[in-house]
Amino acid sequence: MALRPLNDRVIVKRLENERTTESGIVIPDSAAEKPDQGEVIAVGPGKRTDDGKVLSLDVKAGDKVLFGKYAGQTVKVDGEELLVIREEEILAIVE
């Protein structure tokens, strides 16, 4: 299933953390925090202003981004967990 976000929304796939510490201790999924970094899968057309103009987004598909711990809404599509987030909730693009 393909997703096409609306307005200034962005579809992000979370990047997986290392599940082992440097000393070799394995961290179980229940104790691991969700990462706050992801890869942009799809972007909407942009935010619509009051006068009807569409402002394009600064992020594009393929960008690696940082976002807040509680940003966006998690959805499952074809068994894969994705995040639907507004562009304003994205903190930075990782270059």
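So, a few notes on the structure that sits alongside this text. Everything numeric here is computed off the predicted structure, so don't read it as measured data.

1. Quick word on the nonpolar core
Counting residues in each nonpolar core, the largest one holds eleven residues, listed as Val10, Val12, Val40, Leu57, Val59, Val65, Phe67, Ala71, Leu83, Ile85 and Ile90. Secondary structure elements with two or more residues in this core: strand E1 (9–14), strand E5 (64–67) and strand E7 (80–86). In this structure, Leu57 is in contact with Asn7, Asp8, Arg9, Val10, Val43, Gly44, Gly46, Lys47 and Glu87, ignoring residues within four places of it in sequence.

2. Looking at the sheet that holds strand E8 (residues 90–94)
If you walk across this open sheet you meet the six strands as E6-E7-E1-E2-E5-E8, and the pairing is antiparallel. Lying at the two open borders of the sheet, with one neighbouring strand each, are strand E6 (73–77) and E8. Sheet twist, expressed as the average angle between the axes of neighbouring strands with direction ignored, equals 45 degrees. Sheet analysis places E6 next to E7, joined by five bridges and oriented antiparallel. Of the residues in E7, the one forming a bridge with Lys76 is Glu81.

Rules behind the numbers
Residues numbered from 1 in each chain as written. Predicted model: local features only at pLDDT ≥ 70, side-chain atom pairs only at ≥ 80, totals over all residues. Heavy atoms only, no water. Core = buried A, V, L, I, M, F, W, Y, C linked by side-chain atoms within 4.5 Å. Buried < 20%, exposed > 50% of the residue type's maximum accessible area, 1.4 Å probe, protein only. Helix = DSSP H or I, 4+ residues; strand = E, 2+ residues; numbered from the N terminus. Contact = heavy atoms within 4.5 Å. Pairing = 2+ DSSP bridges. Axes fitted to C-alpha atoms, helices over the stretch in contact; angles between N-to-C directions.

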